[in-house]
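Structure assessment
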Amino acid sequence: QVQLVESGGGSAQPGGSLTLSCAASGPTFMHDLAWFRQAPGKEREFVAGINYHGDRAHYEDSVKARFTINRDNAENTCILQMNGLKPEDSAVYFCAARPPGFGIDLTTRGTYSYWGQGTQVTVSS
């Protein structure tokens, strides 16, 4: 059973930065990883994803050039570096994992089998 634990959430001012970490345990070999977020009253949405080998990443349009996703398979961690934060980035951020076999599209929420408990990110002045 794959388990995911997020950390690093908190508060930031507009224009600031936060780094989210996802620690994975269990059989994560060949799993793709992704970050989703959910704001109050809204559906959970894709933010960024990275394939197992770390050579392919995809970002939601509103976070491109501001957020960076990386992973360290030796450490079983996934990092989301968030720069240039905006109030609309405020949400609960979830780490997600899926086994191989779902193709190159990293964005589809329903393909992810495993989820962390989420970490709150609040951006305000």
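So, here's what we can say about the structure. (Residues numbered from 1 in each chain as written. Predicted model: local features only at pLDDT ≥ 70, side-chain atom pairs only at ≥ 80, totals over all residues. Heavy atoms only, no water.)

**Some details on the overall build of the protein**
In terms of regular secondary structure, the protein is built from zero helices and eleven strands. Element order for the protein, N to C, with α for helix and β for strand: β-β-β-β-β-β-β-β-β-β-β. Expected size for 125 residues packed as a compact globule is a radius of gyration near 14 Å; at 13 Å, the protein falls within 12% of this value. The C-alpha extent of the protein, read off along each of the three principal axes, is 40 × 25 × 25 Å. Counting all 125 residues of the protein, 40% fall into the buried class. Counted over contacts in the protein with a minimum sequence separation of 6, partners at least 24 positions apart contribute 59%. About 6,300 Å² of surface is accessible on the protein, with carbon and sulfur atoms providing 50% of the total. Across the protein, the 10 positively charged side chains and the 12 negatively charged ones have centroids separated by 4 Å. (Helix = DSSP H or I, 4+ residues; strand = E, 2+ residues; numbered from the N terminus. Rg over C-alpha atoms; globule rule 2.2 N^0.38 Å. Buried < 20%, exposed > 50% of the residue type's maximum accessible area, 1.4 Å probe, protein only. Contact = heavy atoms within 4.5 Å. Areas by Shrake-Rupley, 256 points an atom, 1.4 Å probe, with all protein chains shown as cover. Lys, Arg positive; Asp, Glu negative; His and termini not counted. Charge placed at Lys NZ, Arg CZ, Asp CG, Glu CD.)

**Thoughts on the nonpolar core**
Formed by 27 residues in total, the largest nonpolar core has its most connected members in Trp 35, Val 47, Phe 67, Ile 69, Leu 80, Met 82 and Tyr 93. For this core, the elements supplying multiple residues, two or more each, are strand S3 (18–25), strand S4 (32–38), strand S5 (45–50), strand S7 (67–72), strand S8 (77–82), strand S9 (91–98) and strand S11 (119–123). Setting aside anything within four residues of it in sequence, one finds Ile 69 in contact with Leu 33, Ala 34, Trp 35, Ala 48, Gly 49, Ile 50, Ala 57, Tyr 59, Cys 78, Ile 79 and Leu 80. (Core = buried A, V, L, I, M, F, W, Y, C linked by side-chain atoms within 4.5 Å.)

**Let's talk about the layout of surface pockets**
Approximately 150 Å³ is the volume found for the largest pocket. Lining the largest pocket we find 13 residues, and of these Arg 37, Ala 39, Lys 42, Glu 45 and Glu 88 sit closest to its centre. Looking at the lining of the largest pocket residue by residue, the classes come out as two nonpolar, three polar and eight charged. (1 Å grid on protein atoms, 1.4 Å probe; cavity = no way out; pocket = protein on both sides within 12 Å on 5 of 7 lines; lining within 4 Å. Points joined across faces, edges and corners; volume = space filled by probe spheres on them. Nonpolar A, V, L, I, M, F, W, Y, C, P; charged D, E, K, R; others polar.)

**Considering the side chain of His 31**
Considering the arrangement of structural elements, one finds His 31 in the loop between S3 and S4. The exposure class of His 31 is buried, given its relative accessible area of 7%. Leave out the neighbours within four places in its chain, and His 31 touches Val 2, Tyr 52, Arg 71, Ala 97, Arg 98, Pro 99, Pro 100 and Tyr 114.

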